[in-house]
Amino acid sequence: MSRIALALSLCSALAVFSTISRAEAPKTKAVYFTVINGNKYFVVEYELAAASTLSYELSSDLRTWSAPGIDGYPGVVETVSLIDSTVRIARIDQPIAATTGYFLRATAVSTRKPVLDFDGDGITDFAVVRSGTGSGKPMTWFISYSAGGFAGVTFGSAETDIPVPGDYDGDGKCDIAIWRGATGQFRILESTTGAERIIVLGQSGDKPVVADYDGDGRADPAVLRRIQNEANQYIYVGSDNNPDGAITSVRWGGTDDSAVIGDYDGDGKADFCVQSPQSDGTAVFLLRRSSDGGQERIPFGASDNTAVDGDFDGDLRSDFAVIAEISSKLEWTIFPRNSGAPGAPIDFGLMATDLPVPGDYDGDGKQDIAIWRSSSGTFYVRRSSDGGIVGVAFGVSGDYPVANFQAH
């Protein structure tokens, strides 16, 4: 059995999709004055990715909206519309002359977060889980913060629990969490309070598929239940759309399919997607978009490929990606959502010793190809920002690299 297969036997259906958090000046499309119904408007049109918050500064006046919104020259905001990722702003209550000295400066900040960002700095942190000895085999999480520092936290049991990290409390930091199948419990160590929260969901035999299904920026507990001769059943408790704890259930994919949950349409919500093996040895990705309920069928890869999720090109949409084991190497192929064809294969990693651990390790808003080499306890990252390769020693043989939950 390959190293990838061994890891998948531990964590085959985890599906917290990777997201992006970055601040940048949005591109200005147009700036002009206009008059509508007798009111004078100063209008700035911005190109804006979905799922962003915007801060607008006028002189010393800074205001932030939790959804795409704006502030303009002195006056009131009458209408804000999001059309084709463009924000149009601002009615003014007084004449604006070139000599007034006002300026408008905007910053767009994506509300999405990179996978395994435990310190909230927008960069994936190196993390491994180590099984203890003795009764219950306590699970210790070792985290190397990209902002500096180190943590070792004992939480969960290697005998009964599966790691399901995610930002459950919405503070911008990944929370340590496990799913205990025997009791159907999500046990979350919240970064905001340090307290443990328990959510009962699922049953023995289910697989955890945690993701942000309702687009509120918080990870939602979810499980996949395989029902023989029926479509898979995805069950989740939304942190926003189910405030009373009601459970949502969605059927998608077959019992032989692997869940590859991600935000493929860029609306800030997780889409249901599976990698479906075909009788001829190929594979098809079956996608159900959350934005409009539309369905897609994307032939890509082979049935024995490992699927990985993540936004590899930084367009705030998950891309399809697979890893093939060829001639003792790991061959990564990415099919971007903004492209009509897959990119060229990239050899990165060894079959015998390496596990895929993609993440945004350089903080450029793009998922980096990366592996963890068990023989030396070393992370190797191929940075998307410059193509450079960096190695970071962290962990020992026998550890489990937490970022491997993205491999299915």
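Look up a bit, the structure's there.
The following paragraphs examine the structure supplied in this document.

Definitions and limits used
- Residues numbered from 1 in each chain as written.
- Predicted model: local features only at pLDDT ≥ 70, side-chain atom pairs only at ≥ 80, totals over all residues.
- Heavy atoms only, no water.
- Helix = DSSP H or I, 4+ residues; strand = E, 2+ residues; numbered from the N terminus.
- Buried < 20%, exposed > 50% of the residue type's maximum accessible area, 1.4 Å probe, protein only.
- Salt bridge = Lys/Arg side-chain N within 4 Å of Asp/Glu carboxyl O.
- Pairing = 2+ DSSP bridges.
- Phe/Tyr/Trp six-rings, centres within 6.5 Å; stacked < 30°, edge-to-face > 60°.
- Axes fitted to C-alpha atoms, helices over the stretch in contact; angles between N-to-C directions.

## Some points on the environment of Pro114
When you line up the elements, Pro114 lands in the loop between strand S10 (104-110) and strand S11 (126-131). On the accessibility criterion, Pro114 (6% relative accessible area) is buried. Separated by 251 residues in the primary sequence, Pro114 and Gly365 have C-alpha atoms spaced 7.8 Å apart.

## Let's talk about the pattern of salt bridges
Here the structure, examined in full by the defined rule, presents twelve salt bridges. A salt bridge links Glu296 to Arg289, with the nearest nitrogen and oxygen atoms 2.8 Å apart. With its nearest N and O atoms 2.9 Å apart, the salt bridge here joins Arg337 to Glu296. Of this pair, Arg337 sits in the loop between strand S28 (329-335) and strand S29 (346-350) while Glu296 is found in strand S25 (residues 295-302), placing the two residues 41 residues apart along the sequence. A residue is classified by how much of its surface remains accessible, and Glu296, at 22% relative accessible area, is partly exposed. The network of salt bridges with common partners includes Arg289, Asp292, Glu296 and Arg337.

## Quick word on the sheet that holds strand S19 (residues 222-225)
Taken together, four strands build an open sheet; the order of strands is S18-S19-S20-S21 and the sheet is antiparallel. Each having just a single partner strand, strand S18 (207-208) and strand S21 (248-251) make up the two edges of the open sheet.

## Overview of the packing of aromatic side chains
Where two aromatic rings form a pair, the distance of their centres and the angle of their planes describe that pair. Inspection of the entire model under this criterion finds 13 aromatic pairs. Taking the centre distance of 6.0 Å and the plane angle of 20° together, the rings of Phe142 and Phe150 count as stacked. Assessed through its relative accessible area of 18%, Phe142 is described here as buried. Phe150 gets classed as exposed once you look at its relative accessible area, which sits at 52%. When the ring of Tyr213 is compared with that of Tyr236, the centres are 4.6 Å apart and the planes differ by 15°; the resulting orientation is stacked. Taken as a pair, Tyr213 in the loop between S18 and S19 and Tyr236 in strand S20 (residues 233-236) lie far apart in primary sequence, 23 residues in all. Judged on exposure class, the residue Tyr213 and its partner Tyr236 are both buried.

## Quick notes on the sheet that holds S29
Ordered by their spatial adjacency, four strands build an open sheet running S26-S27-S28-S29, and the pairing between neighbours is antiparallel. The strands lining the two open edges of the sheet, one partner per strand, are strand S26 (306-310) and S29. For this sheet, the mean inter-axis angle between neighbouring strands, taken without regard to orientation, is 30°. As defined by bridge partners, S26 adjoins strand S27 (residues 319-326) across five bridges and the pair is classed as antiparallel. Pairing of Thr306 across the sheet is with Ile323, part of S27.

## What about the pairing of strand S23 (residues 272-277)?
Counting buried positions along S23 yields five of six residues, so the element is predominantly enclosed. Note: strand S22 (residues 258-259) against S23, two bridges, orientation antiparallel. Bridging from a neighbouring strand, Ser258 pairs with Gln275 of S23. For S23 and strand S24 (residues 282-288), the ladder comprises six bridges, and the chain directions are antiparallel.

In short, geometric facts, not functional conclusions.
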